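Here's the letter readout for the chains.
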Amino acid sequence: MNRLIELCQIVGKRVPIWTQGLGGNISYKDGSILWVKASGYRLDAVSSNIGLAQVNIDRFKDWFFRQEVNEESYSQGIEQSTLPLKNGDFLRPSMETGFHVVLKSTYVIHFHSVIALLMAHEYRLNCSRVSDWFAENGFGSQVEWLDSIRPGLLLAKEIHRRSNASVWILRNHGILLATENPDLLERWQNFEAQFAFSFGYAEMAELCMSHQPLILAKSLVKDVKLETVKLYFPDTAVFLLELSEALDGKRPWTENLREIWLATLLLYKSCPELEELPLSITSSVRGLPTEKYRLKSGDL
Ligand SMILES: [Zn+2]
């Protein structure tokens, strides 16, 4: 349990390179219970009595593996399998609870790594070069590459179908690591830096290893001009209205919006030709039952 909190802190501090705003979620399985970051909390806000929800694994599986499962019942399944905390409160588990439950590993770590988006981009340009490089550098057969896919139920189904990996690169979304040993995270951090350096993203490599990525990121993008919002992540689509209004000076900037925007500028600067999310995802993501809940509990 303490290790889970520590992991939330480690990932949550690497803003905006690993997480932005309320994004990312990490879980730990303790017998029949899943502890997972609650919806509407920042990873760096998680502590022993803040921001962790409890899920009854078997009860959630009953919902998830129903033949007729849909977005509505997926959302309901999350709600119905949530357990009360010691103080009697119910915190809503992450909308990504599905893949946390279906993966058997004790620790499941998911975050919106900007380097993972660049990896997916390079893979699309030349998959054999990238696969070979991954294998040569210690991440070979255990990696799965997923195309852009809607978060929540659809993503969880796809992860379940390809659950034999320990690393999943999610195009236009981020990274998912499943492990018994959370030291994998440190190995992954070095790997990202190596990747960025080897594939010509030198500034991003520096950012990967920086102890103060937020300060460095701000200085890297200070001269970057971007007229329209680039939708690289599902979260950008979820908060598009708020982000556009903040950019137009019609609404104050929140920490959440600032961090999403900073990651967008970094990605644009590193790779102006980076593909955005397909329209089918951007147009549907905000209407999901799980997302409606997330917006309600968000900081906007
Ligand atoms: Zn995510």
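What you see is a predicted model; the values in this text were computed from it and never measured. (Residues numbered from 1 in each chain as written. Predicted model: local features only at pLDDT ≥ 70, side-chain atom pairs only at ≥ 80, totals over all residues.)

A look at the overall build of the chain
Along the backbone of the chain there are 15 helices and eight strands. For a compact globule of 300 residues, the expected C-alpha radius of gyration is about 19 Å, and the chain comes in at 18 Å, within 12% of that figure. Expressed as lengths along the three principal axes of its C-alpha atoms, the size of the chain is roughly 50 × 50 × 35 Å. When the 300 residues of the chain are sorted by exposure, 43% land in the buried category. Considering only contacts in the chain between residues 6 or more positions apart, those separated by 24 or more positions represent 69%. (Helix = DSSP H or I, 4+ residues; strand = E, 2+ residues; numbered from the N terminus. Rg over C-alpha atoms; globule rule 2.2 N^0.38 Å. Buried ≥ 20, exposed ≤ 12 C-beta atoms within 10 Å, placed from the backbone. Contact = placed C-beta atoms within 7 Å.)

Points about the pairing of strand 7 (residues 167-170)
In this structure, strand 6 (residues 143-146) lies alongside strand 7, joined through four bridges in parallel fashion. Bridge assignment links V143 to a residue of strand 7, and that residue is V167. The handedness of the strand 6 to strand 7 crossover, carried by helix 7 (residues 153-161), is right-handed. Two strands pair when backbone bridges link them, and strand 7 and strand 8 (residues 174-179) are joined in this way by four bridges, in the antiparallel orientation. Opposite I169, over in strand 8, you have I175 as the bridge partner. The hairpin turn running from strand 7 into strand 8, its antiparallel successor, is three residues long, and N172 in that turn takes a positive phi close to 55°. (Pairing = 2+ DSSP bridges. Right-handed = clockwise from strand over helix to strand, strands pointing away.)

Focus: the packing of helix 5 (residues 114-125) against helix 13 (residues 255-270)
The contact between helix 5 and helix 13 brings their axes to 10 Å, and the two run at 35°. Along this stretch, helix 5 crosses helix 13, giving a crossing that reads as right-handed. Counted together, V114, L117 and L118 of helix 5 and A263, L266, L267 and S270 of helix 13 form the full contact between these two elements. Its residues assigned to classes, the contact of helix 5 with helix 13 shows six nonpolar, one polar and no charged. (Axes fitted to C-alpha atoms, helices over the stretch in contact; angles between N-to-C directions. Left-handed = near helix turned anticlockwise from the far one by under 90°. Nonpolar A, V, L, I, M, F, W, Y, C, P; charged D, E, K, R; others polar.)

Let's talk about the pairing of strand 8
For a regular strand, side-chain orientation follows a simple rule: the groups alternate between the two sheet faces. The element strand 8 is extensively covered by neighbouring structure, given that five of its six residues are classed as buried. Where strand 5 (residues 107-111) lies against strand 8, five bridges are found, and the strand directions are antiparallel. Within strand 8, the residue paired with I109 across the bridge is L177.

Side note on the packing of helix 8 (residues 184-198) against helix 9 (residues 202-209)
Remark: helix 8 packs on helix 9, axes separated minimally by 7 Å, with the N-to-C direction vectors making an angle of 165°. Considered as vectors, helix 8 and helix 9 are oriented roughly antiparallel to each other. Considering the relative orientation of helix 8 and helix 9, their crossing is left-handed. Touching Q189, E192, A193, A196 and F197 of helix 8 are A202, M204, A205, C208 and M209, all from helix 9. When grouped by side-chain class, the residues that make up the contact of helix 8 with helix 9 number eight nonpolar, one polar and one charged. (Parallel < 35°, antiparallel > 145°, perpendicular 65-115°, else oblique.)

Re unusual backbone geometry
In this structure, P16 follows V15 across a cis peptide bond, with omega equal to 0°. One can find P16 in the loop between helix 1 (2-13) and strand 1 (25-30). Phi is positive for N172, close to 55°, though the residue is something other than glycine. The residue N172 is located in the loop between strand 7 and strand 8 in this model. Given 25 C-beta atoms within 10 Å, N172 falls into the buried group.

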